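As a plain string of letters, each chain reads:
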Amino acid sequence: MVSENFIRELESIVGASHVAISSTGIELYSYDASLIKSNPAVVVFPGDTQEVAQVVKAANREGVAYVARGFGTNLSGGTISVTEGLVICMSRFNKILGIYPEDRYAVVQPGKTNLEVQEAVGKHNCFYAPDPASQKVSTLGGNVGENSGGPLCLKYGVTSNHILGMEMVTSDGEVVRVGGPVLDSIPGYDLRGLMVGSEGGLGIITELTLRILPKTETVITMLAIYDDIPSAANSVSRIIAAGIVPNTLEMMDATVIEAVESNKPCGYPRDAAAVLIIEVEGMKTGLKEQADQIQEICMATGCREVRVAGSEAERASLWAGRKGAFGAMAQLAPNYLVNDACVPRTNLPEALEEVAAIADKYHFRCGNVFHAGDGNLHPLLLFDSRNEDDLKRVHKAGWDIMEACVRLGGTITGEHGVGREKQEGMHLVFSGDDLNTQTRLKSAFDPNNKLNPDKVIPLSEPKGQPLPPTPPRTLKRPGGASASGVAEAMAEIKAASASGGSVIPVGAELLETYGNICDASAKPVKSLAMTDVIDYDHENQVITVGSGMSIDDLQALVAEHNQWLPIRPPFFKDGSTMGALAATAVSGPERMYYGAPRDFLMGLQYIDSEGKVISTGGKVVKNVAGYDMTRLLCGSNGTLGMITEGTWRIATKPELCTMTSGTGDLASCSKAAVALMTANLFPVYIAAVPVEGDNWRLTTGFEGLTDVVRHQTDLTSALLAKNGLTDIADKDYDLLTGPFKEYFQGLDQKAYVIKAGAITTKIPELFNGLKMALNGSQPEWFLDFGCGRIYVAVDTLDQQTYDAVCKKIASVGGHIRVDKAPEAFKRSNDVYGTLPRPEWKLMHAIKKALDPKGVFAPGRMQGKI
Amino acid sequence: MDIREQYDAIAQCNKCGFCQTACPIFRSTGNEAGVARGRLALMRAIIENRVNWSKEMEEPLFNCLGCGACTTHCNGGIQTADLIMKGRAVYLEQVGRKPIHKLLFDHLLPYPERLHKAARFAAFGKNSGMSKVAKALGLLKVLGRDFSKAEDLVEKLPTKPFRGTIKPGEYPGTGESLRIGYFVGCGVDIIQQDAGKETMKILQKIGKSVTVLNNCCCGLPPWTYGDAEAAAKLASKNLDIFSSGSFDVIVTDCSSCASFIKKYPKIFEKDVTKQAKAKALSPLFKDMVEFLSEHGYPAPIREEPVIVTYHDPCHAVRGQGIAKEPREILKSIPGIEFREMPEANWCCGGAGSYAMTHYDLSMQVLDRKMKNVASTGANFLVTSCPACMIQLSHGVRKHGLDITVCHISELVAGAKAMNAGIKMKKSA
Ligand SMILES: Cc1cc2nc3c(=O)[nH]c(=O)nc-3n(C[C@H](O)[C@H](O)[C@H](O)COP(=O)(O)OP(=O)(O)OC[C@H]3O[C@@H](n4cnc5c(N)ncnc54)[C@H](O)[C@@H]3O)c2cc1C
């Protein structure tokens, strides 16, 4: 219960008509799309950020807990107030604030639905990749809350790969901005990554900056029809193994086909055991060949027939069936319980068999419609919630399915979230220590446990106590403390921790140390002995290796299966380790196309400040079980723990790498870069380096199937010429070395390397500003238009100049890190800039929660913490 | 009536939330109280004894436009609008109905003459504060929900009803054999008389004879209000009138009336004789749009090209499945450039019998509609329901748009005349 005064206060903040306390109002916010139900005490509908902040402050004074709600379509009880508290409904936050195709981002309010955003950015010839089947009725806030996925995520990744920044209200009622429109996050902990999938437990989002991409030229949609399920599953594995990355690989079984066809027929054959919707998109050139290749694979793996959608209408109809599949179940039974466990793709046939057996055991009819390409199951158990016995059994069946999938190496939830529904399931995949760490993380954001409390992490007995340190109940995590080199490191860290000392995790010690200078007494702990290949599942394109393995060794290893890890970190040396890659999260200009370490790491293990091994994530591509500790550790730069192993997603090697370059002045290069950013092409990078006079050489590259690469380089040559560039030439290059290795080595000769981030269209202005500030110090430059970065290397950098540089970067909304500097400079300066940023406060809180005694790399963080 | 009878239908909702897609009320309020999932949840909560019948149920039950968009997006195909009407009926029994509804449903709607007099009386008397009659009439959507507020509506209110000029009875036509009955809805009778005149012209061209029926209100307003009894009374009165002559077809130029009259058999679920009669007669019934598309129509001559867009009345598109026909008709008229507006089949907010209490909400729905209309750059906004026309005209004035709202009959029959005085818009 809440007090009368509190209600009055809420009314005075948001207006009486935006507060609901009636019995009907409460009932209406006691449910979401899951089976969880519980009454809130009151519901408010704030209209702007300040109102949210005031509501949060008022709730803190009243001592009630609060939960943010979008459109309440989540399937895990994420929006249910389980403590009879306050529901903050964000549905009035429904504006699009700006769309910027040239810089590939859009700013929206979190109450806007996914589809409305798609339609709005579509008008600018762009798209926003995550496309949950519920996109018509799920808000961006909810998508971020759950880290939603959709059919397209097979190719483009899930929500967290596409969120650039946000404004949020923290649990103390303060308004903080995290990230921004720049592709690289603000140096430091990956706060935006952490927020995605946080299920409303870390803050209330009031504005979002999304990454948008130019629309592709064309798409081919196919319906593959099967007489048995294992064949369909087999096709899925084979297609991926062949190195083709379709947009989507969606499966539906006979039960779902029946439901869909009796609801709104869309042409799925009623006598099929399963159908796959397979879609490829890209340049017109070469696409038909890919589609043909897919058809061949399907037919070779027991497919009855492949139909190709002949028109946009046919395509829409195929998708309408898929997107309406959950709801269509209402044709067969009043309710369904949908499970969303994941398994490694190659285990799909077994997983589906297990699901069928479990459904049988509990006497439920079961339909399957799911993201087969990601191994993300969605068994729908049909029942009637009015029947108590049904309800009990259905939960048991759901639990058994989760357990079976975890046993097959998967996870409990791929995209629907843990919420209340799968809370206990967390024990299947995480140890008590892992979970306690997540609790500590939450407390860094929400010390009084008021933000969507009692969700996600299993409750302990008695409440508030840490969970016992039991291992995960079902998931086997090889590696860990038993992998080579780990036990020794654990001992060293434990000893340091016990004696009040500190440590610095180190790898090959070939790199400049990123970050501020550490306390001199900190003892280096080496990862070099951690060289185990813990698991290499080449069919699923996943590898788990120890931190001490060098990147070169890893690339050589996976090359045996024609695979590679698509990261070319600048300044890394031969012998630099995978641990360093994970800890520094460095990526090269290819990030704009492939992604960064945060996008490839699926899970990791690390030694925490008490010397315990903590696990995060897993080995499936979609995984929203718990807070995104993987992303938090990735890029934490040795300040939160020592990463001992990482599980990386790898890819099939492209056939051909070719770059196209042209010369011109800065204005022309920048114009050409923007044209490339918005073109229907897939440039892997867009960067420029200075050449004679005031000219620059702009280079962009393409990596992929030969025909497609050639076609794109042709188009690019024309595009560069049109923008006034000259000396246009193509050149093939080696995939692993990449085009810029030598150039970066050149920059590395200088004493200082500064990395500045800013959006693409601000690069010229930032360059001119920095040039002025660095006047006379003979700077060398690398302009990364695609990712929005400038590297500038100089031999001298005095205090005054550094100030000017920092100010200039701030003036274009950018961020800075000095990647390399002499010790003397580091002693008297903060390499993260002279202007403290508001999000540092959150970073410091995380550090304090996870490393309270400052065991790891003291002094290294922003603000020299 | 007991809402429990609907338990199975209500429990069919699995709360997926897809109804939120296109519910105009939800899209304005963002509140679960205004969407099918919420309304069904509340009725279920009543059945399961978590919520009681009380005034708190009024809002969720009565702010539904009944537009049916939720059903279109419901994968389970739940007929929420129908369930709401039943819920309203129980609400009226349990919580009580207001005297003004009695006045309207029992004493005005059955009698066209009285209705018209009352409207004029209310209109002129409105300066002296809103009379009871005005309030009651406000519930009748054909007068527009802002009936009591709109000055210009009053000025335009014709002194005589349509059937005061064109009296009920048989008129000769120039067609060969078709005997047509013309059902005059309240909207045309009282306000949209121009539309009626054009309809009449077209019917006379096509039919051998046209009989202007002496029908009363079709019954939709009390039905949507949940007063099934009043609706049944009106329906049976009309059925008698239909069977009094021999017609090949009965046409109305109000899509709301048309969709409801087609539903007559459903009203008499408990009266077998009447139901049989309704079943026999309702196939004769055609929406003017259907009639035009089936029988052809006199090709108009347009001198200057104009841009036309079309608003789907809920009772046409979802009520009767009419969507293709009006577009085909409009596109086939020479000199018309047809431009589809976004969300053309979204409700304009003119529906429902909660006119007085939900003014602001209805305006939010209307504003969205007007934005979509304006985006087409059309000169004409065409539709086939007089109630929509009132609401849309209000929107056009409110947003200062240079667009003429008209009935499809007007554009078809009077195409030539309407050129006068139209400024051409630049193509958008
Ligand atoms: C039929 C159907 C199909 C679905 N298909 C998919 C699918 O293909 N892929 C998929 O991933 N999911 C799917 N879902 C699940 C669901 O639609 C998604 O989880 C969606 O992202 C939820 O959005 P919402 O607006 O309804 O959020 P809500 O349910 O309202 O909220 C979800 C979570 O986000 C938090 N949250 C919401 N807004 C904010 C905010 N502003 N700040 C902080 N936290 C916030 C909430 O606290 C809650 O924890 C489906 C659901 C249904 C019913």
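Residues numbered from 1 in each chain as written. Chains lettered and ligands numbered in written order. Predicted model: local features only at pLDDT ≥ 70, side-chain atom pairs only at ≥ 80, totals over all residues. Heavy atoms only, no water.

Chemist: Mind showing me how you'd approach empty space enclosed by the protein here?
Modeler: Empty space left among the atoms is revealed by rolling a probe the size of a water molecule over them. Residue and element names in this part refer to chain A. A full pass over the atoms with the stated rule returns 16 cavities of 30 Å³ or more. Along its surface, the largest cavity is lined by 45 residues, and Thr73, Asn74, Gly142, Glu146 and Ser148 are the ones closest to its centre. Among the elements of the structure, strand S3 (66–69), helix H5 (140–146), strand S10 (204–211), helix H11 (312–323) and helix H12 (325–328) are those that each provide at least two residues to the lining of the largest cavity. With 5 residues, H5 is the single largest residue contributor to the lining of the largest cavity. (1 Å grid on protein atoms, 1.4 Å probe; cavity = no way out; pocket = protein on both sides within 12 Å on 5 of 7 lines; lining within 4 Å. Points joined across faces, edges and corners; volume = space filled by probe spheres on them. Helix = DSSP H or I, 4+ residues; strand = E, 2+ residues; numbered from the N terminus.)

Chemist: Before we go on, may I ask you to explain helix H4 (residues 114–122) of chain A in this structure?
Modeler: For the α-helix, the turn length of 3.6 residues means that residues three or four positions removed from each other point alike. Burial within H4 of chain A is extensive, with 7 of its 9 residues counted as buried. Turning to H4 of chain A, its buried residues are Asn114, Glu116, Val117, Gln118, Ala120, Val121 and Gly122 of chain A. (Buried < 20%, exposed > 50% of the residue type's maximum accessible area, 1.4 Å probe, protein only.)

Chemist: Even after reading the chapter, I still don't get the pattern of salt bridges, so can you show me in this structure?
Modeler: Pairing of side chains with opposite charge becomes possible as their charged atoms draw close. Inspection of the entire model under this criterion finds 77 salt bridges over all chains. Salt-bridge contacts for Glu839 of chain A lead to Arg837 of chain A; the nearest nitrogen and oxygen are separated by 3.5 Å. Note on Glu839 of chain A: relative accessible area 3%, which makes it buried. According to the relative accessible area criterion, Arg837 of chain A is partly exposed, its value standing at 27%. The network of salt bridges with shared partners includes Glu27 and Lys37 of chain A together with Arg44, Glu48 and Arg50 of chain B. (Salt bridge = Lys/Arg side-chain N within 4 Å of Asp/Glu carboxyl O.)

Chemist: What's the story with unusual backbone geometry in this structure? I'm lost.
Modeler: Peptide bonds are mostly trans, and most non-glycine residues show a negative phi. Residues and elements named next belong to chain A. The peptide bond linking Glu461 to Pro462 adopts the cis configuration, its omega dihedral lying at -15°. Tracing the backbone shows Pro462 in the loop between helix H16 (432–445) and helix H17 (486–498). Backbone geometry places His363, a non-glycine residue, at a positive phi of 60°. Mapped onto the elements of the fold, His363 is located in the loop between helix H13 (348–361) and strand S17 (365–371). One non-glycine residue with positive phi stands out, namely Gln541, at about 60°.

Chemist: Would you explain the interface of chain A and chain B in this entry?
Modeler: Reports of interface size often rely on the accessible area that becomes lost once the parts have come together. In this complex, chain A contributes 38 residues to the contact, which on the side of chain B involves 37 residues. Roughly 2900 Å² is buried in total at the junction of chain A and chain B, and carbon and sulfur atoms are behind 50% of that figure. In this assembly, chain A and chain B are joined by 4 salt bridges. Here Arg50 of chain B ties to Glu27 of chain A by a salt bridge, and the two come within 3.0 Å at their closest N and O atoms. At the surface where chain A touches chain B, the tally comes to 18 residue pairs in polar contact (both at pLDDT 80 or more). Of all elements in the fold, only helix H2 (23–28), H12 and strand S16 (335–338) of chain A reach the threshold of two or more residues within the side of chain A that touches chain B. Residues that form the side of chain A that touches chain B fall into these classes: 15 nonpolar, 14 polar and 9 charged. (Contact = heavy atoms within 4.5 Å. Buried area = accessible area lost by both parts, 1.4 Å probe. Polar contact = N/O pair within 3.5 Å; in protein donor to acceptor, adjacent residues only side chain to side chain. Nonpolar A, V, L, I, M, F, W, Y, C, P; charged D, E, K, R; others polar.)

Chemist: I'm lost on the site of the ligand in this one. Help?
Modeler: Residue and element names in this part refer to chain A. Around the ligand lies a shell of 38 residues, among which Ala68, Gly70, Thr73, Ser134 and Thr139 are the nearest. The backbone of Ala68 places a nitrogen or oxygen atom 2.6 Å from an oxygen atom of the ligand. For the ligand, whose free accessible area comes to 970 Å², the fraction covered by protein is 99%. According to the grid-proximity analysis, the pocket containing the ligand is the largest cavity. Looking at which element gives the most residues to the shell around the ligand, the answer is H5, with 5 residues. In terms of residue class, the shell around the ligand is made up of 14 nonpolar, 20 polar and 4 charged. Taken together, domain 1 (4–89) and domain 2 (96–214) each give at least three residues to the shell around the ligand, which thus spans both. (Near = heavy atom within 4 Å. Areas by Shrake-Rupley, 256 points an atom, 1.4 Å probe, with all protein chains shown as cover. Sits in = over half its atoms within 2 Å of the grid points. Domains from an automatic or database assignment.)

Chemist: What should I look at first to understand the packing of helix H1 (residues 4–14) of chain A against helix H3 (residues 49–62) of chain A in this one?
Modeler: The geometry of a pair of packed helices is captured by two quantities: the angle between their axes and the separation between those axes. Residues and elements named next belong to chain A. Between H1 and H3, the least distance of the axes is 10 Å, while the angle of their chain directions is 170°. Put simply, H1 runs roughly antiparallel to H3. Side by side, H1 and H3 meet where Phe6, Glu9, Leu10, Ile13 and Val14 of the first sit next to Glu51, Gln54, Val55, Ala58, Ala59, Arg61 and Glu62 of the second. Tallied by class, the residues present in the contact of H1 with H3 amount to 7 nonpolar, 1 polar and 4 charged. (Axes fitted to C-alpha atoms, helices over the stretch in contact; angles between N-to-C directions. Parallel < 35°, antiparallel > 145°, perpendicular 65-115°, else oblique.)

Chemist: Would you mind going over the domain arrangement of chain A with me for this structure?
Modeler: All names here are of chain A. What the domain assignment reports for chain A is domain 1 (4–89), domain 2 (96–214), domain 3 (480–652) and domain 4 (656–828). Taken over C-alpha atoms, the centre of domain 2 sits 27 Å from the centre of domain 3. Between domain 2 and domain 3, the contact holds 24 residues from the first and 15 residues from the second. Where domain 2 abuts domain 3, roughly 1600 Å² becomes buried across the two surfaces, and 47% of that area is made up of carbon and sulfur atoms. On the domain 2 side of the interface with domain 3, the three residues burying the most area are Tyr189, Asp190 and Leu194, jointly 34% of the side's total. Applying the counting rule to domain 2 against domain 3 returns 2 salt bridges. The residue Asp184 makes a salt bridge to Arg591 at a minimum N-O spacing of 2.6 Å. Top element by residues in the side of domain 2 that touches domain 3 is helix H7 (residues 191–195). It accounts for 3 residues. Split into classes, the residues belonging to the side of domain 2 that touches domain 3 amount to 6 nonpolar, 11 polar and 7 charged.

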